[in-house]
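One-letter residues, chain by chain:
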Amino acid sequence: MLRKTYDRTIQLADHPHALWWLAVIAFLESSVFPIPPDLLMIPMILARPRRAWVIAGVALVASVLGGLLGYAIGALAYESIGQPILAAMGKADAMAEFNTRFNDFGFWAVLTAGVTPFPYKVITIMSGWTGMPLATFVATSILARALRFFVVAGLLRAFGAPVREFIELRLGLVFTLFILLLVGGFAVVKYL
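Please read these numbers as outputs of a predicted model, since none were measured by experiment. (Residues numbered from 1 in each chain as written. Predicted model: local features only at pLDDT ≥ 70, side-chain atom pairs only at ≥ 80, totals over all residues. Heavy atoms only, no water.)

Caption draft 1: Region of the structure containing the overall build of the protein chain. Looking only at helices and strands, the protein chain features ten helices and zero strands. For the protein chain, the succession of helices and strands along the chain, N to C, is α-α-α-α-α-α-α-α-α-α. Across the 192 residues in the protein chain, those meeting the buried criterion constitute 41%. Total accessible area computed for the protein chain in this model is approximately 10,200 Å², and 71% of it derives from carbon and sulfur atoms. (Helix = DSSP H or I, 4+ residues; strand = E, 2+ residues; numbered from the N terminus. Buried < 20%, exposed > 50% of the residue type's maximum accessible area, 1.4 Å probe, protein only. Areas by Shrake-Rupley, 256 points an atom, 1.4 Å probe, with all protein chains shown as cover.)

As structure tokens, then:
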């Protein structure tokens, strides 16, 4: 079943509308959706390594725009939308304490969440809720998401064939490691 899903994802990654799907997922992941755009971006680059920079660029622009939606949720609708999203991630109780410290480290928080598997949407919503300066938020989001997406794109473009071969030979191991990273990211959010 895992092999069929992988093969289907590779086929879909080469679909004419794949960039649009990537944009939608990257946009939503930055504000409300729990699945990272890497799940589609990586197979897209493996399927078409020459388009790596375009794919990373689409993910970057859509992610930063989605981050602005997350910021707006935090700034304008924290009580009705942002708080339930953060409560679902187990962060509702720590918000008041976090609010007082967040803007002191806001640049680093946005940078860290934008580059690592830490759920970026938590930081986008918190940035709006705490009133982080919008220019700082946007500049840091662009830097962080560019680092994340373009480093992945560069590595896959340079080493795409061996990486694809490794993934295809060890699909179960790669899938298990990815799930562990994803669960670990949520666990870090829950216990911070």
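Caption draft 2: Representation of the packing of aromatic side chains in the model. Per the stated rule, a full pass over the model turns up two aromatic pairs. Judged by centre distance (6.0 Å) and plane angle (20°), the ring pair of Trp53 and Phe150 falls under stacked. Taken together, the positions of Trp53 in helix 4 (residues 52-76) and Phe150 in helix 9 (residues 134-169) put the pair 97 residues apart, joining distant regions of the chain. Plain terms: the ring middles of Tyr71 and Phe137 are 5.1 Å apart, the flat faces sit at 40° to each other, and that makes the pair tilted. One end of the pair, Tyr71, is in helix 4; the other, Phe137, is in helix 9, with 66 residues separating them in the sequence. Note on accessibility: Tyr71 and Phe137 belong to one class, buried. (Phe/Tyr/Trp six-rings, centres within 6.5 Å; stacked < 30°, edge-to-face > 60°.)

Caption draft 3: Region of the structure containing the packing of helix 4 against helix 8 (residues 120-130). Two elements in contact, helix 4 and helix 8, have axes whose closest approach is 6 Å; the angle formed by their N-to-C orientations is 50°. Judged by the inter-axis angle, helix 4 sits oblique to helix 8. Remark: the crossing between helix 4 and helix 8 carries right-handed chirality. Every residue of helix 8 that contacts helix 4 at Ser63, Gly67, Gly70, Tyr71, Ile73, Gly74 and Ala75 is listed here: Tyr120, Thr124, Ile125, Ser127, Gly128 and Trp129. (Axes fitted to C-alpha atoms, helices over the stretch in contact; angles between N-to-C directions. Parallel < 35°, antiparallel > 145°, perpendicular 65-115°, else oblique. Left-handed = near helix turned anticlockwise from the far one by under 90°. Contact = heavy atoms within 4.5 Å.)

Caption draft 4: Main features of the side chain of Asp38. Mapped onto the fold, Asp38 is located in helix 3 (residues 38-47). Classification of Asp38 by relative accessible area gives buried; the value is 9%. Look past the residues within four positions of Asp38 in its chain and what remains in contact with it is Pro43, Arg148 and Phe149.

Caption draft 5: Main features of the packing of helix 3 against helix 4. At a minimum axis distance of 9 Å, the contact between helix 3 and helix 4 shows a crossing angle of 165°. One finds that helix 3 runs roughly antiparallel with respect to helix 4. Both helix 3 and helix 4 take part in a crossing whose hand is right-handed. Counted together, Met41, Met44 and Ile45 of helix 3 and Ala52, Ile55, Ala56 and Ala59 of helix 4 form the full contact between these two elements.

Caption draft 6: Local environment of the pattern of salt bridges. By the definition in use, this model includes three salt bridges. For Glu29, the salt bridge goes to Lys121, with nearest N and O atoms at 4.0 Å. Of this pair, Glu29 sits in helix 2 (residues 18-29) while Lys121 sits in helix 8, placing them 92 residues apart in sequence. For Glu29, a relative accessible area of 4% corresponds to the buried category. Taking relative accessible area as the criterion, Lys121 reaches 3% and is therefore assigned buried. For the salt bridge of Arg148 with Asp38, the shortest nitrogen-to-oxygen distance reads 2.4 Å. Pair noted here: Arg148 is in helix 9 and Asp38 is in helix 3, with a separation of 110 residues, a long-range link. When its relative accessible area of 11% is taken as the criterion, Arg148 is described as buried. When salt bridges that share partners are traced, they join Glu29, Lys121 and Arg145 into one network. (Salt bridge = Lys/Arg side-chain N within 4 Å of Asp/Glu carboxyl O.)

Caption draft 7: Here's a closer look at the environment of Phe27. As for its position among the elements, Phe27 is in helix 2. In this view, Phe27 contacts Ala62, Ser63, Leu65, Gly66 and Leu69; residues no more than four positions away in its chain are not counted.

Caption draft 8: View of the nonpolar core. In terms of nonpolar packing, the biggest core is built from 19 residues, with Leu22, Met41, Met44, Ile45, Ile55 and Phe149 touching the most fellow members. For this core, the secondary-structure elements that each account for two or more residues are helix 2, helix 3, helix 4 and helix 9. Sorting elements by how many residues they give to this core places helix 4 first, with six residues. Ignoring any residue separated from it by four or fewer positions in sequence, one finds Phe149 in contact with Pro37, Asp38, Met41, Ala56, Ala59, Leu60 and Ser63. With seven residues, the next largest nonpolar core counts Tyr71, Ala109, Val110 and Tyr120 among its residues. (Core = buried A, V, L, I, M, F, W, Y, C linked by side-chain atoms within 4.5 Å.)

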